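Spelled out from the first residue to the last, the chains are:
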Amino acid sequence: MKWMTYFFLTFFLIVVPVVHWTASFAVANPSGFTIEAIENVQLNSAMTYFWEKERPQVQRVALVTAKVDAKLLTPREGFEPLFFINDRVAEKVKVLDDGRVVFISPEPLFHIPDLWVSLEPYLPENMDRTKARQLYENYQKKYAVDRRTGRTPRESKTGAGDQARAASTQTSILLPSVVQSKKKFIELSEEQLYERAQGVK
Amino acid sequence: MRYIIFFYLSWSGLNLALAYDDDQYQGSLDAGLSQWEGPSSFHKLNYDGGRLKKQLIYYPKDIAQGKPRPLVVISHGNGHRYTYYQYLQAYLADKGYVVMSHFNNTSPGIRTAAESTIENTDEFFAKLSSMDNGVLVGHVDPKRIAWIGHSRGGEGVVFAYQQLVQGQVHPKNFGADSIQFISSIAPTTFLSAEAANPGEVNYHMFVGGADGDVNGGPRRVVMSMPIYERGKGEKILTYVQGAGHNVFNDRSHNEGKGPRRLSRTKVHGLSRAVYGSLLDIYLRGEVGLKKYFRSNWARLRPQEVPSDIMISNEFKLAEASGKYWTLDDFQGRPEITEASSGASVTANLISPYEGVLQDGDSTFTFHSADPMNGMTRYINGFDRPRGLVFEWEPQLESSPESKYALTYDLPQPQDMQPFQALSFRVAQITRHPLTDRLNGPMSFSVRLMDKGGELSWLNTKAYGDVNPPYNRRGGWANEFCVFQMPLGDFAAENPALDLSQIVQVEFLFGESFGSAQGRMAIDDIQFVSHSQF
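Residues numbered from 1 in each chain as written. Chains lettered and ligands numbered in written order. Predicted model: local features only at pLDDT ≥ 70, side-chain atom pairs only at ≥ 80, totals over all residues. Heavy atoms only, no water.

1. Topic: the packing of helix 3 (residues 110-126) of chain B against helix 4 (residues 152-165) of chain B
Residues and elements named next belong to chain B.
- For the pair helix 3 and helix 4, interaxial distance at closest approach is 8 Å and the crossing angle is 70°. With respect to their mutual orientation, helix 3 and helix 4 come out roughly perpendicular. The chirality of how helix 3 crosses helix 4 is right-handed. Across from I110, R111, A113, A114, T117 and I118 in helix 3, the residues of helix 4 making contact are R152, E155, G156, V157, F159, A160 and Q163.
- The class makeup of the residues in the contact of helix 3 with helix 4 is 7 nonpolar, 3 polar and 3 charged. (Axes fitted to C-alpha atoms, helices over the stretch in contact; angles between N-to-C directions. Helix = DSSP H or I, 4+ residues; strand = E, 2+ residues; numbered from the N terminus. Parallel < 35°, antiparallel > 145°, perpendicular 65-115°, else oblique. Left-handed = near helix turned anticlockwise from the far one by under 90°. Contact = heavy atoms within 4.5 Å. Nonpolar A, V, L, I, M, F, W, Y, C, P; charged D, E, K, R; others polar.)

2. Examining the nonpolar core
All names here are of chain B.
- Counting 50 residues, the largest nonpolar core has I57, L71, F124, L136, W147, I179 and I182 as the members making the most contacts within it.
- The element that contributes the greatest number of residues to this core is helix 4, accounting for 6 residues.
- What I179 contacts, discounting residues up to four positions off in sequence, is I145, W147, Y161, L164, F174 and V201. (Core = buried A, V, L, I, M, F, W, Y, C linked by side-chain atoms within 4.5 Å. Buried < 20%, exposed > 50% of the residue type's maximum accessible area, 1.4 Å probe, protein only.)

3. Focus on the side chain of A:E91
- By the element assignment, A:E91 lies in strand 5 (residues 91-95).
- One buried charged residue, A:E91, forms no salt bridge at all, with the nearest opposite charge on B:R51 at 4.2 Å.
- Residues in contact with A:E91, not counting those within four places in the same chain, are A:Y49, A:W51, A:V102, A:F103, A:I104, A:Y194 and B:R51. (Lys, Arg positive; Asp, Glu negative; His and termini not counted. Salt bridge = Lys/Arg side-chain N within 4 Å of Asp/Glu carboxyl O.)

4. Observations regarding the side chain of B:H204
All names here are of chain B.
- Residue placement: H204 occurs in strand 7 (residues 202-208).
- Within the structure, the side chain of H204 is placed 2.9 Å from the side chain of T238, a separation counted as a polar contact.
- If we skip the residues at most four places from it in the chain, H204 touches F181, I182, S183, S184, I236, T238, V274, Y275 and L278. (Polar contact = N/O pair within 3.5 Å; in protein donor to acceptor, adjacent residues only side chain to side chain.)

5. A word on the packing of helix 2 (residues 86-94) of chain B against helix 6 (residues 264-284) of chain B
Residue and element names in this part refer to chain B.
- Two elements in contact, helix 2 and helix 6, have axes whose closest approach is 10 Å; the angle formed by their N-to-C orientations is 40°. Relative to helix 6, the element helix 2 is oriented oblique. Read as a crossing pair, helix 2 and helix 6 show a hand that is right-handed. Residue-level inspection shows Y87, L88, Y91 and L92 of helix 2 in contact with helix 6, the latter providing H268, S271, R272, Y275, G276 and L279.
- For the contact of helix 2 with helix 6, a count of residues per class yields 6 nonpolar, 3 polar and 1 charged.

Structural data, given as structure tokens:
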């Protein structure tokens, strides 16, 4: 009986409030994107990131596994939907059959990022940082949810002509700390980074 | 209290473990090699020069015998893999070529794809000694290279060539003069006309009428043929009705749209036949094979090309070849009444219109306000390909003299004896009521007149067909078809014709001369010379 009492007290006094609190951190998820995993990687030497016009040399990156709308993943020769992690173009490395994707973020991630998609007709090699930031600002104005109120600033939904679709940052983690320890980096070579991404099942 | 803390920590630890499962990464690379096994007259090897330099190489077993072999490089498209062209690699290796297919960095775009082509070609020559114990060293000719690109890779190989020509890249082991031939399979058109320009290289393009990806619609990116139009070298276009986009490789999903779709097996047979011949022409100098590509394929095509595939083919000599005299290419003089050669033109035709070969409203639906409906030959750039469109209707009574004619009167007699044929390209205009009413191949007649008034005329039917547009959604892009009418045949029809003093060239339309009705485009009317014809 005591045990049962402790269990229910724990559940209702601690677990429930914590869940409610962390749920307020989730960003609106009209498109059903879900980040499943994030791994920060330290490369043993810098690599060229081809997915931005500036082609920056990056040495600290992140591998992000997410589930997105599978319709956005059909490979095309023409313009493809462009995925962003925050204000950076995300390199789509591996597409799995069930709509899950492995991305590379050109910078490490210590919080749950915004994962969103733009349908503007750009090739990654033509997307510069200024334009990316502009698109991200547009996305935030329309779709980013205030974490205190749980509402979007404009309370609008995706409509015809909108070029940025909201993506989720709901995660399978109910705790607020997606936070990676700033010390936790996996050390890999560039080749190993891509092998690791390709190895996701 | 300790139970509360214990439970809380256990529960949170469980969630952390679920979210960050470090065991989910296996680190293995899926090679994705297809299982095709062909004749055993070749070897294949995998080369791994790093993430961006993975290559699959086929080479003939007797590589050490004879002269160094030409190299064929294959650059795949977006979402494709470099292991998806083994049907072609095996065939070409069996013919004696060394064929290298490489990882192509197409996802970021065309510039990275072009870099992949250049860097992998350079890497191949740089690392020959490390491949199969150096068996290829000294046996691959760095001066005889062909690039074949598919889709984004098809635009990439053209841009790569431009970068070489412009001196923007400097590979160590080859140069622009090494590239003897480039072929694009359904290329995209992201880049400007200046960037995606074949220039003077020998150039070929495959286009599939049933392409569901680079679909050939009248919009930038998805219409391929402007790249063909920009070429100034010798060039060939093979438009395959019923071929989708991905059937040109081994594996990618079938995205094709339209009727009478061709199977992968059928397209592979066609692809092997075409590349086998073109590479023999441009890498081995077997120019006799050009006769097939100069001819309208309704009349004469390479033996291995299946006869039941409707193909609209084009051929044009290099501008710098000097082997032709242009009667009218519709460039330079915008008035219908004056040809680019200076000949005066009389167009007794319905609704003649001379202009840029560009659809005016980005749809294939015909409107009278869009006379160039269905034309997908121009996007941007300084050079604008132009042509003439017109139509004719059934005459009330048949007559030896056609009511409808396009007549060129030369300002002075022209000696056509140095030339072997009259060449031109023609196309039916998609979704026009007269095209729909004709509903089949089109024909007409051509007449030459000499200074003494002697006439000779031939019907195009004997030399091929003007194919109807591929019947996708009622009619897809206009397809030009080349005709080459031997001057010897004009002379045979009327031995009194004096080819040294030709004063008039006339195109005749109507029931007495071919199809009773139709709407047509014509361009590149030339007298041409060939070493063999």
